[in-house]
Amino acid sequence: MPRIHIATDGVRNVSKRKHFSAFIPALLALLTGLIVTSAWFASSRHLEHEKIDASFKQNAAIHLQTFQNELDNAIMALRAINQLFVVNPSLSREQFLVFTRPLLERYPYILNFDFHRIVSHAERPAFEAEIRKRYPNFAIMEAGEQGRITAGSRPRYRVVDYIEPMQGNEAVFGFDADSQDGQTAAMQRSVDSGQPTATGLYRLLQEKSNQRGFLVLMPLYRPNANLHDVAARRRALIGDTAVAFRAGDLLRQILSKTQLLNAPDISISVYANATPDEKHLAFSKGNKVSKDISANEGVLPHWLFYNQPETVAMQLEVAGNPWQMTVSAAPEPFYRANNNALYALIMSTLLSILAAAYVYALSSRSRRIQLLVNLRTAELQLSNQKLNDDIEARKQTEHRLQILESAVQSSANAIFITSASAPDYAIEFVNPAFERMTGYTAADVIGRNLRFLFRDDQHQNGVKNIQEAVRSRREGHAVMRNYRKDGTLFWVETYFAPVKDEAGQVHHFVVSSHDITANKRYQAELEFQAGHDVLTGLANRNLLDDCLSQAIAHGTRHTHPVWVVSIDLDRFKFVNDTLGHKAGDMLLQAIGHRLQMAVQESDTVARLSADQFVLVLQEHGDDHLTLATMQHIMSAVAQPLSIQGHNFQQKCSIGIAIYPTDGDTPEILRKHADIAMYRAKESGRNNIQFFAASMNAQALERLRLEDDLRNALEHDEFLLHYQPQVDLCSGHIVGMEALIRWQHPSLGMIPPDRFIKLAEETGLIVPIGAWVMRTACAQNRAWQLAGLGYLRVAVNLSAIQFAQQDIVKSVASVLEQSGLAAQYLEIELTESLVMTDVEQAIGILRELKGLGVQLSIDDFGTGYSSLSYLKRFPIDVLKIDQSFVRDITVDPDDAAIVVSIISLAHSLRMHVIAEGVETAAQLAYLQRNHCDQMQGYYFSRPVPANEFELILRQNKSLPTEDA
């Protein structure tokens, strides 16, 4: 006994000596955790800061492009006004007012448009006298020390002759612009280059505040002058057109369309110079350059605790002058924008502390166990060794049984044991998981055969597999349908294992079942809701919405934009109508494959409808989404391809909506991308449009117009106007062109250029065109029966109508129903239409010609006809486009083109009709050059049927050269 006491004291003394050593591993674990935490926090913050900086630069670039586009549009308006003076040198003040008024409404940031006229000293008295007829006190003025004074004598004056709006700009009217230093240098550059040129910033004459402004000037030269060099341009100068801006108002109104202007922590400065210079400051919001806390960095970098993107300095061009815009952001604590790094710091610190505590507890427990083992060993050495062996063996057996029982009771799988005695194979034990899974208690099932779990569903393959395994006394596996106590079905995966005695005889079976109902249901849902398009293998609408939702969530977490791109193939319906749906399907498959190859693997490509595709694009690392990305995709689509022996270069129209700027849900983003895509198609197709808020109203208007257009035929809202076609030899009317008009019940008369294109896009042009032909033929026949003469009626045929397989039968049917002889119907086709597929066009034209109708090519000269093909077409008439007729008396080039077309047509035994004849001089020129017929406002504008009938009854005619 004394020895045992001594050993115990020795163990306790060792414990006291080693107790302090338990702190050392815990302290090392804590220090290691804190070091890792610090590194993790720094890495997370650096990544967040780089993302914020990249996003800030991208947004600033987008807003800069918005400003550049708006300013370019305003300068384009100046070019239009300048061209107006070129076309019409005698432009009146009223015409100037009418032309500039919509431009001023469209660009509210424009202060005024004006026209400077060059007046020599000798011309001054007459010029002032002429203006005084309208403005009694008018005189040429110049800048003096006290303001405006009467201009002194000098060789020439550059006088503000026209200015709109006049209200608010009276001080500028009559002012000699050359007397103001701010314009002289810019005007000289503009005259020498012939291009719009901006002045520097200065206080405008009409300005009443301290705000500075600038002008953009564009020279106006004498008509038909030789402008081959600088000296010639200076000699030919007769004036200039100009647009004036208040610099601050201009920039404020343009930038108000972006998010930069309203952001309180964003500072913007715009300089009318290539470098930032206070004397050239045009606009400033906030501090010119926000304070950069990185300048005061100490031991730790500033980005560790603050978010502040680098100041962005960007160049733009204003009418040939370089400007600079700087955008900067105020610093803010990092946790306001993103708490990920903060959460990482807190969680990692807590984990480090917990790890240190755990190491300490583990170390202490290990030492306590060691001491206890030593103590127990000392005591057991005094006991009988055999008894120790028996006790140890019993403990091991009990331990194994406890583990086995615990495993069975706590298992998530249903486990039960059945007897191996046939035929009952009675259940002898079930675990709690069996009771939870089936709803039966142990008392309900003990002594029963497991067949009750199958109910009436005994003939399933899984049951047969189990019965076979039981009979053969071997392991078995099956997937089966089971039924709970309440009758509900659930799927299980079951394993059978026999239990053998020492003699190898099976006396029980152990059965384990796992509930796989959720897996079965999910598999069924996947099979039911297929996520891909059958034709192309791309994602369908369901999968697209899911992928777009995930992309939005990812973009939100990482502050990355997500681009939703709506792509519509241009003129795809024409491929389907001409080559058939099989060729169209092959084209769609090829385009779908090209789109997949043009984007990243993690991006989504979906097909929603016949020829509409949608892309979901995300930024990857430093790879930012730009306009160049979209141009790459557009180029990939436009690569040449061959289908059924036909070569194509498929173009497309693209609309883009960006998350989160243009929406935050898949539905809104897809809708806005579609709206932008429709704008791209309206803008001439084969271009890219980003969504803008103003497009919503236009899309609603287009949707309303499209809906009304579908009902217009049913509601009898269309009517035809007729424009006479006059023989230039006899002066008599020989035909008329039928032109459709839409009398909308609430919008009034809608011109064709607003709805014809929409009708072509929606396919409504086919029934509308059929109505035009039926109505025109019936009306012509009615006039013939009324004794008003046998005239030819011309009806336009669209490309979609021409591509219809039954077009020839349709025309024949109309002639038969109306009773009109075929020779009195003329079908007009555009030059580009017949050149799309020449061989097919020749076949259709010959069939139409076989009916006896007349054929004409409209707008001749604006397309790309080849003479080798033109002579093969059975054409009767060429119609000279009005763009050539308009200037035949003033433009030698247009005159030469008209004469060439007349000569070409006559050599091919065709007649010629000149469109858009509006003056006697044009008519005389056409008569001198033997043009056959004309139509235009000079004789009559298009008129309703009743007014045209009155013209026929009055026997209106044109005076001939003989008369």
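Residues numbered from 1 in each chain as written. Predicted model: local features only at pLDDT ≥ 70, side-chain atom pairs only at ≥ 80, totals over all residues. Heavy atoms only, no water.

(A) Spatial organisation of the overall build of the protein. A tally of regular secondary structure across the protein gives 30 helices and 35 strands. The buried share among the 963 residues of the protein stands at 44%. Taking all contacts inside the protein whose residues are at least 6 apart in sequence as the whole, residues at least 24 apart take part in 63%. As displayed, the protein has an accessible area near 49,900 Å², and 54% of this comes from carbon and sulfur atoms. (Helix = DSSP H or I, 4+ residues; strand = E, 2+ residues; numbered from the N terminus. Buried < 20%, exposed > 50% of the residue type's maximum accessible area, 1.4 Å probe, protein only. Contact = heavy atoms within 4.5 Å. Areas by Shrake-Rupley, 256 points an atom, 1.4 Å probe, with all protein chains shown as cover.)

(B) A look at a nonpolar patch on the surface. A cluster of nonpolar side chains, namely Ile346, Met347, Leu350 and Ile353, defines an oily patch on the protein surface of about 370 Å² accessible area. Within the secondary structure layout, leucine 350 lies in helix 8 (residues 340-380). Note on leucine 350: relative accessible area 44%, which makes it partly exposed. (Patch = residues over 30% accessible without salt bridge, like charges linked within 9 Å, V, L, I, M, F, W, Y side chains within 5 Å. Salt bridge = Lys/Arg side-chain N within 4 Å of Asp/Glu carboxyl O.)

(C) Highlighting the packing of helix 14 (residues 541-558) against helix 18 (residues 666-682). As a packed pair, helix 14 and helix 18 sit with axes 9 Å apart at the nearest point and diverge in direction by 105°. The pairing of helix 14 with helix 18 is recorded here as roughly perpendicular in orientation. Facing Arg541, Leu544, Asp545, Leu548, Ser549 and Ile552 of helix 14, the residues of helix 18 in contact are Pro666, Leu669 and Arg670. Counted by class, the contact of helix 14 with helix 18 contains 5 nonpolar, 1 polar and 3 charged residues. (Axes fitted to C-alpha atoms, helices over the stretch in contact; angles between N-to-C directions. Parallel < 35°, antiparallel > 145°, perpendicular 65-115°, else oblique. Nonpolar A, V, L, I, M, F, W, Y, C, P; charged D, E, K, R; others polar.)

(D) Representation of unusual backbone geometry. The omega angle of the peptide bond from glutamate 164 to proline 165 is 0°, so this bond is cis rather than trans. Cis geometry marks the peptide bond from tyrosine 659 to proline 660, where omega comes out at 5°. Position of proline 660 among the secondary structure elements: in the loop between strand 24 (652-659) and helix 18. Unlike most non-glycine residues, asparagine 224 shows phi in positive territory, near 65°. Inspection of the secondary structure assignment puts asparagine 224 in the loop between strand 6 (213-221) and helix 6 (230-236). Judged by its relative accessible area of 74%, asparagine 224 is exposed. Here asparagine 955, not a glycine, exhibits a phi torsion of approximately 55°, which is positive. With respect to the helices, strands and loops of the structure, asparagine 955 is situated in the segment after helix 30 (945-953). Using a relative accessible area of 55% as the deciding quantity, one classes asparagine 955 as exposed.

(E) Structural context of the sheet that holds strand 12 (residues 321-329). Reading across the sheet, the 4 strands line up as 9-8-12-11 and stay open at both edges, with antiparallel pairing between neighbours. The open sheet is flanked by strand 9 (281-285) and strand 11 (312-318), the only strands paired with a single partner. Averaged over all adjacent pairs, the angle separating strand axes in this sheet is 15°, with direction ignored. Sheet topology places strand 11 next to strand 12; 7 bridges connect them, and they run antiparallel. From the neighbouring strand, glutamate 317 faces strand 12, where its bridge partner is proline 322. Sitting on the sheet, helix 7 (residues 247-255) is in contact with strand 8 (266-271), strand 9 and strand 12, with an inclination near 45° to strand 9. (Pairing = 2+ DSSP bridges.)

(F) Inspection of the packing of aromatic side chains at higher detail. Summed over the entire model, instances satisfying the criterion amount to 23 aromatic pairs. Ring centres of tyrosine 135 and phenylalanine 173 lie 4.9 Å apart, and the angle between their planes is 65°; this geometry places the pair in the edge-to-face category. Taken together, the residues tyrosine 135 in the loop between helix 4 (124-132) and strand 2 (141-144) and phenylalanine 173 in the loop between strand 4 (156-164) and helix 5 (181-193) connect sequence positions 38 residues apart. On the basis of relative accessibility, which here comes to 10%, the residue phenylalanine 173 falls in the buried class. Consider the rings of phenylalanine 138 and phenylalanine 173, whose centres lie 5.2 Å apart with planes at 50°: the pair is tilted. Linking phenylalanine 138 in the loop between helix 4 and strand 2 with phenylalanine 173 in the loop between strand 4 and helix 5, this pair joins segments that are 35 residues apart in sequence. An aromatic cluster is present here, built from Phe85, Phe96, Phe115 and Tyr162 joined pairwise through their rings. Taking the ring centre of phenylalanine 452 as reference, the NZ or CZ of arginine 448 above it sits at 4.3 Å. (Phe/Tyr/Trp six-rings, centres within 6.5 Å; stacked < 30°, edge-to-face > 60°. Lys NZ or Arg CZ within 6 Å of the ring centre and 35° of its normal.)

(G) Here's a closer look at the nonpolar core. The biggest cluster of nonpolar side chains holds 83 residues, and the ones touching the most others in it are Leu709, Phe718, Val811, Leu825, Ile827 and Val853. With 8 residues, helix 21 (residues 765-785) is the largest single contributor of residues to this core. Once residues within four sequence positions are removed from consideration, phenylalanine 718 is found in contact with Leu709, Ala712, Leu713, Ile740, Arg741, Trp742, Phe755, Ile768 and Trp771. In terms of nonpolar packing, the next biggest core, distinct from the first, is built from 50 residues, Ile75, Leu103, Leu250 and Leu255 among them. (Core = buried A, V, L, I, M, F, W, Y, C linked by side-chain atoms within 4.5 Å.)

(H) Region of interest: the environment of aspartate 716. Here aspartate 716 is to be found in the loop between helix 19 (694-712) and strand 26 (718-727). When its relative accessible area of 61% is taken as the criterion, aspartate 716 is described as exposed. For the pair aspartate 716 and tryptophan 742, spaced 26 residues apart in the sequence, the C-alpha separation amounts to 9.4 Å.

(I) Region of the structure containing the environment of proline 165. Mapping proline 165 onto the fold places it in the loop between strand 4 and helix 5. Since its relative accessible area comes to 29%, proline 165 is described here as partly exposed. Proline 165 sits 68 residues away from leucine 97 along the chain, and the two C-alpha atoms are 7.9 Å apart. Once residues lying within four places of it in the same chain are set aside, the contact partners of proline 165 are Leu104, Leu111 and Asn112.

(J) Geometry of helix 25 (residues 838-851). Taking 1.5 Å of rise per residue, the 14 residues of helix 25 would be expected to cover 20 Å, and the 20 Å separating its terminal C-alpha atoms lies within 8% of that figure. Backbone geometry just after helix 25 places glycine 852 at a positive phi near 105°. (Expected span 1.5 Å × (residues − 1).)

(K) Broad picture of the pattern of salt bridges. A complete count under the given rule lists 28 salt bridges for this structure. Aspartate 568 is the salt-bridge partner of lysine 681, the closest N and O atoms lying 3.0 Å from each other. Residue lysine 681 is found in helix 18, and its partner aspartate 568 is found in strand 19 (residues 562-569); the two are separated by 113 residues along the sequence. Both residues of the pair, lysine 681 and aspartate 568, belong to the buried class.

(L) The arrangement of empty space enclosed by the protein in detail. Going through the model one piece at a time under the given rule, you end up with 2 cavities of 30 Å³ or more. A volume near 110 Å³ is recorded for the largest cavity. Taken together, 15 residues line the largest cavity, and the ones lying closest to its centre are Val172, Gln180, Gln183, Gln206 and Leu215. If you add up the space inside the second largest cavity, you get close to 90 Å³. Every residue lining the second largest cavity is counted, 17 residues in all, and those nearest its centre are Phe416, Leu453, Asn482, Thr494 and Ser513. Mapped by element, the contributors of at least two residues to the lining of the second largest cavity are strand 14 (414-419), helix 10 (432-438), strand 16 (476-483), strand 17 (489-500) and strand 18 (506-515). Of the residues forming the lining of the second largest cavity, the biggest block, 4 residues, is contributed by strand 17. Grouping the amino acids of the lining of the second largest cavity by side-chain chemistry returns 13 nonpolar, 4 polar and no charged. (1 Å grid on protein atoms, 1.4 Å probe; cavity = no way out; pocket = protein on both sides within 12 Å on 5 of 7 lines; lining within 4 Å. Points joined across faces, edges and corners; volume = space filled by probe spheres on them.)

(M) How the structure looks around the sheet that holds strand 21 (residues 612-618). A sheet is described by the order of its strands in space; here 5 strands give the open sequence 20-21-19-24-25, paired in mixed fashion. A strand with exactly one partner marks an edge of an open sheet, and here the two such strands are strand 20 (604-607) and strand 25 (688-690). Neighbouring strand axes in the sheet, compared pairwise and without regard to direction, differ in orientation by 20° on average. Taken together, the 3 bridges between strand 24 and strand 25 define a ladder with parallel strand orientation. When the sheet's bridge partners are listed, glycine 655 is paired in strand 25 with glutamine 689. Docked against the sheet, helix 14 engages strand 19, strand 20, strand 21 and strand 24, running at close to 25° with respect to strand 21. Each of strand 19, strand 21, strand 24 and strand 25 is contacted by helix 18, which is oriented at about 145° to strand 24, the strand it contacts most.

(N) Layout of the pairing of strand 33 (residues 911-914). Both strand 32 (residues 877-880) and strand 33 contribute to a ladder of 4 bridges, which runs parallel. Its bridge partner being in strand 33, isoleucine 880 is matched across the sheet by alanine 914. As paired strands, strand 33 and strand 34 (residues 933-934) are joined by 2 bridges and run parallel to one another. When the bridges of strand 34 are listed, alanine 914 appears paired with methionine 934. Since strand 33 and strand 34 lie parallel, the crossover through helix 29 (residues 920-928) that links them has a hand, and here it is right-handed. (Right-handed = clockwise from strand over helix to strand, strands pointing away.)

(O) Highlighting the pairing of strand 7 (residues 237-246). With 8 of 10 residues buried, strand 7 is to be regarded as a mostly interior element. In terms of strand pairing, strand 1 (residues 110-120) meets strand 7 through 7 bridges, oriented antiparallel. What sits directly across from isoleucine 110, in strand 7, is phenylalanine 245. Of the pairings in the sheet, the one linking strand 6 to strand 7 comprises 9 bridges and is antiparallel in character. Note that in strand 7 the partner of proline 219 across the bridge is aspartate 240.

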